[in-house]
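A structural walkthrough
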Amino acid sequence: MLLSTENLVLLCVGFFIVATLYSSVGFGGGSSYLALLTLFLGGFFAIRSIALICNLVVVSGSTYLYFKNGHAKLKDFLPFVLTSIPLAFIGASFRLEEHVFFLLLGFSLVTSAIFLASQTFSKRETSEKTANYPKFLTYVLGGGIGLLSGLVGIGGGIFLAPILNHLKWDKSIKIAALASFFILVNSISGLAGLVQGGMLELPWKETLALVVSVLVGGQLGIRISLKRLTPKGIKRVTALLVFVVGVRILLKYIPQVF
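This one's a predicted model, so the numbers in the text were calculated from it and none came from an experiment.

Scoring rules and cut-offs
Residues numbered from 1 in each chain as written. Predicted model: local features only at pLDDT ≥ 70, side-chain atom pairs only at ≥ 80, totals over all residues. Heavy atoms only, no water. Helix = DSSP H or I, 4+ residues; strand = E, 2+ residues; numbered from the N terminus. Expected span 1.5 Å × (residues − 1). Buried < 20%, exposed > 50% of the residue type's maximum accessible area, 1.4 Å probe, protein only. Patch = residues over 30% accessible without salt bridge, like charges linked within 9 Å, V, L, I, M, F, W, Y side chains within 5 Å. Areas by Shrake-Rupley, 256 points an atom, 1.4 Å probe, with all protein chains shown as cover. Salt bridge = Lys/Arg side-chain N within 4 Å of Asp/Glu carboxyl O. Axes fitted to C-alpha atoms, helices over the stretch in contact; angles between N-to-C directions. Parallel < 35°, antiparallel > 145°, perpendicular 65-115°, else oblique. Left-handed = near helix turned anticlockwise from the far one by under 90°. Contact = heavy atoms within 4.5 Å.

Taking 1.5 Å as the rise per residue, helix α3 (residues 44-68) with 25 residues should run 36 Å; its terminal C-alpha atoms sit 36 Å apart, in good agreement. Counting buried positions along α3 gives 20 out of 25 residues, so the element sits mostly inside the fold. Positioned one or two residues after α3, glycine 70 has a phi angle of 80°, which is positive.

Okay, here's the thing in structure tokens:
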């Protein structure tokens with residue numbers, strides 16, 4: 001076993017909390033799973049693999065409920081995922097050097113923390129009016145975020161949602177539904193890329209325990225979301241955690257470049 005029983009229990013509690021918080025806003029929690037895993041595991045193949053599996057578990061249930069409740073339409077989401085799916089696969093297929101992976105992960109965590117925190121300061125109008133923007137932007141956003149998500153092992157929704165909120169793409173609930181679906185397909189594509197590259201590494205005892213934790217947390221969180229109970233303060237605390245761990249990783253690996 002890679003982890004002691006005590007550390008595994010702590011990690012399960014952390015994953016449960018992350019899944020509950022993130023699923024309540026349409027995310028899978030990949031950035032925070034990565035942040036927590038880097039504190040306990042050293043192998044970055046295992047870190048990427050576990051984070052993607054847990055992402056997939058959380059957003060599968062969320063996506064189903066969003067579609068069931070009429071908040072999601074496949075035709076509106078396809079332009080984003082047509083480019084993200086192949087690029088997430090390509091990104092996950094790259095066999096990165098360990099220090100390169102952790103540098104990219106650190107920058108991604110810091111950026112995702114800023115994006116998550118920025119959502120708590122947005123002032124959407126009650127009517128949530130939408131705005132027009134060039135259609136090609138959907139393909140560009142989908143592809144770029146898909147590539148990054150594959151490289152570092154996240155679904156990318158934490159980057160996509162704040163951008164679409166800023167662009168006033170649609171109502172907040174529909175953007176959350178898109179983020180959830182976006183994470184779902186990118187996580188599947190990323191896992192396929194890891195398998196293709198021979199980099200899928202899943203310590204089964206730890207993986208099973210963490211999957212159960214995020215399954216329960218994810219189902220709780222999405223039901224909170226659909227009742228519109230998403231406190232901004234919790235998002236800010238979560239963003240702070242991701243930011244601190246991202247900075248910690250950068251401080252450790254940046255000196256190795258020089």
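Okay, back to it.
We now examine a nonpolar patch on the surface. On the surface, Val9, Val13, Phe16, Ile17, Leu208, Val212, Leu215, Val216 and Leu220 cluster together into a nonpolar patch covering about 760 Å² of accessible area. Counting only elements with at least two residues in the nonpolar patch, the list comes to α1 (5-23) and α9 (204-226). Sort the elements by how many residues they give to the nonpolar patch and α9 lands first, with five residues. Within the fold, isoleucine 17 resides in helix α1.

One way to put it is that helix α2 (residues 30-40) packs onto helix α5 (residues 98-119) with a least axis distance of 10 Å and a crossing angle of 130°. The pairing of α2 with α5 is recorded here as oblique in orientation. Between α2 and α5 the crossing geometry is left-handed. In this structure, α2 contributes Ser31, Leu34, Ala35 and Thr38 to the contact, and α5 contributes Phe102, Leu105, Leu109 and Ser112.

Applying the stated criterion to the full structure yields three salt bridges. For lysine 174, the salt bridge is made with aspartate 76, and the minimal N-O distance between the two is 2.6 Å. Placement of the pair is lysine 174 in helix α8 (residues 172-196) and aspartate 76 in helix α4 (residues 74-93), with a sequence separation of 98 residues. Taken together, the shared-partner salt bridges connect Lys75, Asp76, Asp170 and Lys174 into one network.

Taken by themselves, the reported measurements are silent on function.
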